[in-house]
Amino acid sequence: NSWKESVAVPMADYREGRLRHHYKERYDAMRNLIDWDHSMRLEPNASIIHVKRYRRWRVSGLAYEYRDSAYSHPNRSLVSYVRGRTKAF
(Lines give C-alpha, C1' and ligand atoms only; values in the text may rest on other atoms or scores of the structure.)
Protein backbone atom coordinates (compact mmCIF):
# COMPACT_ATOMS: atom_id res chain seq x y z
CA ASN A 1 0.00 0.00 0.00
CA SER A 2 2.09 2.90 -1.27
CA TRP A 3 -0.49 5.48 -0.19
CA LYS A 4 0.31 4.95 3.48
CA GLU A 5 2.51 7.50 5.21
CA SER A 6 4.83 4.74 6.48
CA VAL A 7 5.93 3.93 2.92
CA ALA A 8 8.64 6.27 1.63
CA VAL A 9 7.95 7.77 -1.81
CA PRO A 10 11.12 9.40 -3.21
CA MET A 11 9.38 11.16 -6.11
CA ALA A 12 12.45 13.23 -7.03
CA ASP A 13 14.50 10.06 -7.43
CA TYR A 14 11.75 8.43 -9.49
CA ARG A 15 11.55 11.49 -11.76
CA GLU A 16 15.33 11.55 -12.15
CA GLY A 17 15.36 7.86 -13.11
CA ARG A 18 12.62 8.35 -15.69
CA LEU A 19 14.44 11.31 -17.25
CA ARG A 20 17.73 9.41 -17.37
CA HIS A 21 16.00 6.44 -18.97
CA HIS A 22 14.23 8.64 -21.53
CA TYR A 23 17.29 10.66 -22.58
CA LYS A 24 19.84 7.83 -22.14
CA GLU A 25 23.31 8.99 -23.22
CA ARG A 26 21.91 12.41 -24.19
CA TYR A 27 20.94 13.20 -20.58
CA ASP A 28 23.71 15.79 -20.24
CA ALA A 29 22.28 17.67 -23.24
CA MET A 30 18.72 17.57 -21.89
CA ARG A 31 18.22 21.36 -21.85
CA ASN A 32 19.36 21.62 -25.47
CA LEU A 33 17.02 18.80 -26.48
CA ILE A 34 14.12 20.47 -24.70
CA ASP A 35 14.82 23.75 -26.53
CA TRP A 36 15.02 21.86 -29.85
CA ASP A 37 11.71 20.09 -29.17
CA HIS A 38 10.06 23.40 -28.40
CA SER A 39 11.38 25.29 -31.40
CA MET A 40 11.08 22.52 -34.00
CA ARG A 41 8.04 20.52 -32.88
CA LEU A 42 5.89 22.68 -30.63
CA GLU A 43 6.43 26.24 -31.87
CA PRO A 44 4.95 25.72 -35.37
CA ASN A 45 1.74 24.21 -33.97
CA ALA A 46 1.31 25.82 -30.56
CA SER A 47 3.22 29.09 -30.50
CA ILE A 48 1.28 30.30 -27.44
CA ILE A 49 3.32 28.02 -25.14
CA HIS A 50 6.27 29.97 -23.76
CA VAL A 51 9.67 28.30 -23.87
CA LYS A 52 10.38 28.98 -20.16
CA ARG A 53 7.13 27.34 -19.07
CA TYR A 54 7.70 24.38 -21.44
CA ARG A 55 11.26 23.90 -20.18
CA ARG A 56 10.14 24.00 -16.53
CA TRP A 57 7.42 21.43 -17.24
CA ARG A 58 9.81 19.06 -19.04
CA VAL A 59 12.38 19.22 -16.22
CA SER A 60 10.10 19.23 -13.17
CA GLY A 61 6.92 17.56 -14.39
CA LEU A 62 4.73 20.34 -12.96
CA ALA A 63 2.48 21.74 -15.65
CA TYR A 64 0.48 24.11 -13.46
CA GLU A 65 1.43 25.88 -10.27
CA TYR A 66 -1.20 27.19 -7.92
CA ARG A 67 -0.39 30.38 -6.02
CA ASP A 68 2.91 30.31 -4.16
CA SER A 69 2.55 26.71 -3.08
CA ALA A 70 5.57 24.59 -2.31
CA TYR A 71 5.16 21.07 -3.68
CA SER A 72 7.13 19.29 -0.98
CA HIS A 73 4.91 16.22 -0.45
CA PRO A 74 3.98 13.69 -3.14
CA ASN A 75 0.35 13.12 -4.08
CA ARG A 76 0.01 9.62 -2.66
CA SER A 77 -3.34 9.02 -4.35
CA LEU A 78 -1.49 8.77 -7.69
CA VAL A 79 1.28 6.46 -6.48
CA SER A 80 1.15 2.77 -7.29
CA TYR A 81 3.61 -0.06 -7.04
CA VAL A 82 3.85 -3.05 -9.32
CA ARG A 83 6.77 -5.44 -9.17
CA GLY A 84 8.46 -5.42 -12.58
CA ARG A 85 9.78 -8.32 -14.59
CA THR A 86 12.94 -6.52 -15.67
CA LYS A 87 15.25 -3.93 -14.11
CA ALA A 88 14.54 -1.30 -16.78
CA PHE A 89 13.15 1.13 -14.19
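Our subject in this report is the structure included herewith. (Residues numbered from 1 in each chain as written. Predicted model: local features only at pLDDT ≥ 70, side-chain atom pairs only at ≥ 80, totals over all residues. Heavy atoms only, no water.)

## Quick look at helix α3 (residues 51–60)
Phase 1 of the analysis: Regarding α3, the residues found buried are Tyr54, Arg55 and Arg58. Seen along its axis, α3 keeps its buried residues to an arc of 100°; they face one direction. Of the exposed residues in α3, those oriented more than 90 degrees away from the buried face are Lys52 and Arg53.
Phase 2 of the analysis: Where α3 is buried, its residues contact α1 (11–23) and α2 (30–42).
Phase 3 of the analysis: Positive backbone phi, approximately 90°, marks Gly61, located one or two places after α3. (Buried < 20%, exposed > 50% of the residue type's maximum accessible area, 1.4 Å probe, protein only. Helix = DSSP H or I, 4+ residues; strand = E, 2+ residues; numbered from the N terminus. Arc of directions from axis to C-beta. Contact = heavy atoms within 4.5 Å.)

## Details of the packing of α2 against α3
Phase 1 of the analysis: Remark: α2 packs on α3, axes separated minimally by 10 Å, with the N-to-C direction vectors making an angle of 130°. One way to sum up the angle between α2 and α3 is to call them oblique. The crossing of α2 and α3 is right-handed. Each of Met30, Arg31, Ile34, Asp35, Asp37, His38 and Leu42 in α2 lies in contact with α3, whose residues at this interface are Val51, Tyr54, Arg55, Arg58 and Val59.
Phase 2 of the analysis: Here the contact of α2 with α3 is composed, by residue class, of six nonpolar, one polar and five charged. (Axes fitted to C-alpha atoms, helices over the stretch in contact; angles between N-to-C directions. Parallel < 35°, antiparallel > 145°, perpendicular 65-115°, else oblique. Left-handed = near helix turned anticlockwise from the far one by under 90°. Nonpolar A, V, L, I, M, F, W, Y, C, P; charged D, E, K, R; others polar.)

## Describing the pattern of salt bridges
Phase 1 of the analysis: By the definition in use, this model includes four salt bridges.
Phase 2 of the analysis: In this structure, Arg20 engages Glu16 in a salt bridge whose closest nitrogen and oxygen atoms are separated by 3.0 Å. Note that Arg20 and Glu16 are positioned in helix α1 at a spacing of four residues, about one turn of the helix.
Phase 3 of the analysis: You can call Arg20 partly exposed: its relative accessible area is 45%.
Phase 4 of the analysis: Judged by its relative accessible area of 29%, Glu16 is partly exposed. (Salt bridge = Lys/Arg side-chain N within 4 Å of Asp/Glu carboxyl O.)

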